[in-house]
Amino acid sequence: MDVKLWNDKREREMYENFAELFAIIKATEKLEKAYVRDIISSAEYEPECQKLIAHFKTLASALKDTVPSIERFHDTYKMDCPAALNRLVTSGVPATVEHRAAAAMSSTTSAAIVAECVQNFITAMDSLKLNMVAVDQVHPLLSDLSSSLNKLTILPPDFEGKTKMKEWIARLSKMGAADELTEQQARQLHFDLESSYNSFMAALPTAGT
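Conventions used here
- Residues numbered from 1 in each chain as written.
- Predicted model: local features only at pLDDT ≥ 70, side-chain atom pairs only at ≥ 80, totals over all residues.
- Heavy atoms only, no water.
- Phe/Tyr/Trp six-rings, centres within 6.5 Å; stacked < 30°, edge-to-face > 60°.
- Helix = DSSP H or I, 4+ residues; strand = E, 2+ residues; numbered from the N terminus.
- Buried < 20%, exposed > 50% of the residue type's maximum accessible area, 1.4 Å probe, protein only.
- Expected span 1.5 Å × (residues − 1).
- Salt bridge = Lys/Arg side-chain N within 4 Å of Asp/Glu carboxyl O.
- Axes fitted to C-alpha atoms, helices over the stretch in contact; angles between N-to-C directions.
- Parallel < 35°, antiparallel > 145°, perpendicular 65-115°, else oblique.
- Left-handed = near helix turned anticlockwise from the far one by under 90°.
- Contact = heavy atoms within 4.5 Å.

A. Spotlight on the packing of aromatic side chains. Inspection of every chain in the model, using the stated rule, returns six aromatic pairs. When the ring of Tyr 15 is compared with that of Phe 18, the centres are 6.1 Å apart and the planes differ by 80 degrees; the resulting orientation is edge-to-face. Placement of both Tyr 15 and Phe 18 in helix H1 (residues 9–36) is noted, with a separation of three residues, approximately one turn of the helix. Exposure remark for Phe 18: the relative accessible area of 14% places this residue in the buried category.

This is how it looks when you write it as structure tokens:
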């Protein structure tokens, strides 16, 4: 006899999100330990950590009503991941970004701004995957992304991400707050975000330049 963990679709999604949150915390703990032990390089660590932090922020926001305290979730499931809690909840940026922020850096290549852009890209893409397609959900995310991209002076005015986000924001501004993107629109927006993200990463200066 099969035992169901959920009674309806919403409950099923909640448990699936719990499982994903658990996996993100565990993965971050492993990544932090690997970095501290020099098993992986800074170049390998940072982008992976950025992704995990961005995924975590999106998921934590979606689960804020059912998981008001990440620390309590961590303790309830006896996870024993102190490094992950510090990175995801307390710090919010990779260790490499913290280290660079402590040193003198050119404001045009500020690691903190780069981190903000990466997180805004991934948060927007993750939100679409979670079917957050209402205008009042999508518009603020794209506005945040557009704002962070405009802070980076190393990006040209006609940078793909800037122009595409400007177009989408203008399109959304003509819609009502409760209106939702169609499946086709959501798919196109996700494609534009992914394409812009790849262009953004390619435009960044490589280490040592």
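B. The arrangement of helix H2 (residues 42–62) in detail. Taking 1.5 Å of rise per residue, 21 residues should cover 30 Å, and H2 covers 30 Å from first to last C-alpha, within 8% of that figure. Every buried residue belonging to H2 is among Tyr 45, Glu 46, Cys 49, Gln 50, Leu 52, Ile 53, Ala 54, Phe 56, Thr 58, Leu 59 and Ala 60, and all of these are buried.

C. Spatial organisation of the pattern of salt bridges. Enumeration according to the criterion identifies five salt bridges in this entry. Of the charged contacts, one joins Glu 32 and Arg 87 as a salt bridge, the two residues approaching to 3.1 Å between their closest N and O atoms. Linking Glu 32 in helix H1 with Arg 87 in helix H4 (residues 82–91), this pair joins segments that are 55 residues apart in sequence. Like Arg 87, Glu 32 is buried. A salt bridge links Lys 151 to Glu 116; its shortest N-O distance comes to 3.0 Å. Taken together, the positions of Lys 151 in helix H7 (residues 135–151) and Glu 116 in helix H6 (residues 111–129) put the pair 35 residues apart, joining distant regions of the chain. Taking the relative accessible area as the measure of exposure, Lys 151 reaches 40% and is therefore partly exposed. For Glu 116, a relative accessible area of 27% translates into the label partly exposed.

D. Layout of the packing of H2 against H4. H4 packs onto H2 with a crossing angle of 60 degrees between their chain directions and a minimal axis gap of 10 Å. Relative to H4, the element H2 is oriented oblique. When the axes of H2 and H4 are compared, the crossing they make is right-handed. For the pair H2 and H4, contact is made by Tyr 45, Cys 49, Leu 52, Ile 53 and Phe 56 and by Arg 87, Leu 88 and Val 89, respectively.

E. Quick look at the environment of Lys 129. Mapped onto the elements of the fold, Lys 129 is located in helix H6. The spacing of Lys 129 and Ala 186 is 57 residues in sequence and 9.1 Å in space, taken between C-alpha atoms.

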